Amino acid sequence: MHIPQYFEFVNSAKLLSGEYALENIREELSLLGSTRPFLLSDKGLESVGSVKTLLDILSSSGLKVSGVFTDIPLDSSILKVNEIASLYRKENADGIIALGGGSVIDTAKGLRMLISQGGKDILKYAGAEVLPRGMSVPFVAIPTTSGTGSEATGVAVIKDEEKEVKLEFISSFLLPDIAVLDVRMLESMPKRITAITGLDALTHAIEAFSSLQKNPVSQSYAIAAMKMIVENLPAAIREPKNKKARLAMANAAYIAGASFSNSMVGIVHAIGHSVGAVSHVPHGEAMSILLIPSMRYNIDYAREDYSEMLLYINGEEYARTEEGKRAEKLIEVLSTFVNEIRALAPVRKNLSEAGVVKEDFQKIADRAINDGALIVNPRSADRDDILRILSEAF
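An account of the accompanying structure is given in this report. The shown structure was predicted, so the numbers you read here are calculated from the model rather than taken from an experiment.

What counts and what doesn't
Residues numbered from 1 in each chain as written. Predicted model: local features only at pLDDT ≥ 70, side-chain atom pairs only at ≥ 80, totals over all residues. Heavy atoms only, no water. Core = buried A, V, L, I, M, F, W, Y, C linked by side-chain atoms within 4.5 Å. Buried < 20%, exposed > 50% of the residue type's maximum accessible area, 1.4 Å probe, protein only. Helix = DSSP H or I, 4+ residues; strand = E, 2+ residues; numbered from the N terminus. Contact = heavy atoms within 4.5 Å. Expected span 1.5 Å × (residues − 1). Axes fitted to C-alpha atoms, helices over the stretch in contact; angles between N-to-C directions. Parallel < 35°, antiparallel > 145°, perpendicular 65-115°, else oblique. Left-handed = near helix turned anticlockwise from the far one by under 90°. Nonpolar A, V, L, I, M, F, W, Y, C, P; charged D, E, K, R; others polar. Pairing = 2+ DSSP bridges. Phe/Tyr/Trp six-rings, centres within 6.5 Å; stacked < 30°, edge-to-face > 60°. Lys NZ or Arg CZ within 6 Å of the ring centre and 35° of its normal. Polar contact = N/O pair within 3.5 Å; in protein donor to acceptor, adjacent residues only side chain to side chain.

### Quick notes on the nonpolar core
Part 1 of the reasoning: Of all hydrophobic cores here, the largest spans 83 residues; its most connected members are Met226, Ile271, Val275, Tyr306, Ile386 and Leu390.
Part 2 of the reasoning: With 10 residues, the single largest contributor to this core is helix H8 (residues 243-263).
Part 3 of the reasoning: In this structure, Ile271 is in contact with Leu290, Ile364, Ala368, Ile386, Ile389 and Leu390, ignoring residues within four places of it in sequence.

Following this line, the structure appears as structure tokens:
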């Protein structure tokens, strides 16, 4: 395991995981000084009854929210965050509860950023580690997918709709105070969403373990996440009501999120962000398509890490594979696993099926080359390298 000369690790979110975790939110918010939280969610969760379920639980515990906003798009946006901030102030709210996937939680992070800094336009705060602490805004994140790990990261990805680019906001002050993992908020996940978010979490763990910014703490988290995902994702897809598998996947996504929040990711995400922005491919699906071609690209620069990962993902294959061939075997094992997941759920197998056209490759490569995730990838890449990976994934 790699021990750098210097590293930092932050994982300050308190985790509430398991049965009746939601019932503890009121007490936790009270300790943080919040009695009038503002609830963020989306239309889909509102239509399936998850928002009402949460509101009923909060109400029965003695907590009433100051307002509810569910008009959040699939990609969190600058304009939407600024709009919600006005409503938050109008309702005199004193905290945030986010119920949803990565877009909802990233929107909540943007809202917290704006309120804590007393600002009106979130664009002012784009960047990495430029945000001071600001005013206290208690923040509870309740994920309804098991993939982004946003409830455990100091990263928010928010789209600038005018420029058609996704901006990264990075600060430890974006971390939620409380992360709540409760299977009642996860059971309605369709098979396809379970699959692509699970593969997203797996990609987080793999890239976190092998990035240039890895450290022994982030790698330890990544190991736990990888093992839990490989052991539980198939069951979570086959048996949607399997509480054990659902909760395991939720914890794996949280752990992988904490890992990559500290070590960052790599070329899979650099290209995946751009594929999402240009061709509107769902993030988790882009990860599932780009993971194997990107690992093949990295193999000679991440051989030691890839070889070690095989031990955690498939110990039997590790034991019977020659030492010099374990990195290749890892990619083979992961390719088989991804295909197994595709057999269980409708996950598209290449960029062509996902609607990407070759005419957009150059535009995708131009964006990817400027993505921050590329900085810590084990192997540097130029536009031609990215174009080759895109062609292999097509």
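What follows continues from the structure just given.
### Focus: helix H9 (residues 267-279)
Residues three or four positions apart in an α-helix share a direction because the helix packs 3.6 residues into each turn.
Part 1 of the reasoning: Under the 1.5 Å per step criterion, the end-to-end length of H9 is 17 Å for 13 residues, consistent within 8% with the ideal 18 Å.
Part 2 of the reasoning: With 13 of 13 residues buried, H9 is to be regarded as a mostly interior element.
Part 3 of the reasoning: Just downstream of H9 lies His280, where phi reads positive at about 60 degrees.

### Section: the packing of helix H6 (residues 191-210) against helix H10 (residues 283-298)
Part 1 of the reasoning: With their axes 8 Å apart at the nearest point, H6 and H10 run at an angle of 45 degrees to one another. By the angle between their directions, the pair H6 and H10 is classed as oblique. Note on packing geometry: the crossing formed by H6 with H10 is left-handed. Side by side, H6 and H10 meet where Arg192, Ile196, Leu199, Asp200, Thr203, His204 and Ile206 of the first sit next to His283, Gly284, Glu285, Met287, Ser288, Leu291 and Met295 of the second.
Part 2 of the reasoning: Residue composition of the contact of H6 with H10, grouped by class: six nonpolar, five polar and three charged.

### As for the sheet that holds strand E3 (residues 67-69)
Part 1 of the reasoning: Strand order in the open sheet made by the six strands is E1-E9-E6-E4-E2-E3, with parallel pairing throughout. Lying at the two open borders of the sheet, with one neighbouring strand each, are strand E1 (14-17) and E3. Sheet twist, expressed as the mean angle between neighbouring strand axes with direction ignored, is 15 degrees.
Part 2 of the reasoning: As judged from the two bridges shared by strand E6 (residues 139-143) and strand E9 (residues 178-181), these two strands associate in the parallel manner. Looking across to E9, one finds that Val140 is bridged to Ile178.
Part 3 of the reasoning: Contacting strand E2 (37-40), strand E4 (95-100) and E6, helix H5 (residues 102-117) runs over the sheet at an angle of about 165 degrees to E4.

### What to know about the packing of H6 against H8
Part 1 of the reasoning: The geometry of H6 relative to H8 is characterised by a closest axis approach of 8 Å and an angle of 35 degrees between their N-to-C directions. Seen from above, H6 lies across H8 with left-handed handedness. Side by side, H6 and H8 meet where Thr194, Gly198, Ala201, His204, Ala205 and Ala208 of the first sit next to Arg246, Met249, Ala253, Ala256, Ser259, Phe260 and Ser263 of the second.
Part 2 of the reasoning: Grouping the constituent residues of the contact of H6 with H8 by class yields seven nonpolar, five polar and one charged.

### Some remarks on the pairing of E4
Part 1 of the reasoning: Most of E4 is tucked away, with six of its six residues classed as buried.
Part 2 of the reasoning: The side-chain alternation of E4 yields two buried faces, one formed by Gly95, Ile97 and Leu99 and the other by Ile96, Ala98 and Gly100.
Part 3 of the reasoning: Bridge count between E2 and E4: four bridges; the pairing is parallel. Across the sheet, residue Leu39 finds its bridge partner in E4, namely Ile97.
Part 4 of the reasoning: Looking at chain direction, E4 and E6 are connected through five bridges and run parallel.

### Side note on the packing of aromatic side chains
For any pair of aromatic rings, the description consists of the separation of the ring centres together with the inter-plane angle of the planes.
Part 1 of the reasoning: Scanning the entire structure with this criterion turns up four aromatic pairs.
Part 2 of the reasoning: Residues Phe361 and Phe394 carry aromatic rings whose centres are separated by 5.6 Å and whose planes lie at 85 degrees to one another, so their mutual orientation is edge-to-face. Of this pair, Phe361 sits in helix H14 (residues 361-368) while Phe394 sits in the segment after helix H15 (383-393), and the two are 33 residues apart along the sequence.
Part 3 of the reasoning: You can call Phe361 buried: its relative accessible area is 6%.
Part 4 of the reasoning: Relative accessible area serves as the criterion here: at 28%, Phe394 is assigned to the partly exposed category.
Part 5 of the reasoning: The ring of Tyr318 has Arg326 lying over it, and the distance from NZ or CZ to the ring centre is 3.8 Å.
Part 6 of the reasoning: Over the aromatic face of Tyr297 sits the side chain of Arg379, whose NZ or CZ is 3.9 Å from the ring centroid.

### Observations concerning the environment of Ser352
Part 1 of the reasoning: Of note, Ser352 is situated in the loop between helix H13 (326-344) and H14.
Part 2 of the reasoning: In this structure Ser352 comes out as partly exposed when scored by relative accessible area, which is 36%.

### Quick word on the side chain of Asn262
Part 1 of the reasoning: Turning to its location among the elements, Asn262 is positioned in helix H8.
Part 2 of the reasoning: At 2.8 Å, the side chain of Asn262 and the backbone oxygen of Ala258 are in polar contact.
Part 3 of the reasoning: Every residue in contact with Asn262, bar those within four places of it in the chain, is listed here: Glu8, Phe9, Val10 and Gln213.

### A few points about unusual backbone geometry
Apart from glycine, the bulk of residues carry a negative phi angle, and the bulk of peptide bonds sit in the trans form.
Part 1 of the reasoning: If you check the backbone angles, Met264 has positive phi at about 70 degrees while not being a glycine.
Part 2 of the reasoning: Tracing the backbone shows Met264 in the loop between H8 and H9.
Part 3 of the reasoning: Residue Met264 is classed as buried on the basis of its relative accessible area of 16%.
Part 4 of the reasoning: A positive phi angle, close to 60 degrees, is found at His280, a residue other than glycine.
Part 5 of the reasoning: Tracing the backbone through its elements, the reader meets His280 in the loop between H9 and H10.
Part 6 of the reasoning: For His280, a relative accessible area of 57% puts it in the exposed group.

Read these as layout, nothing more, since geometry by itself doesn't imply function.
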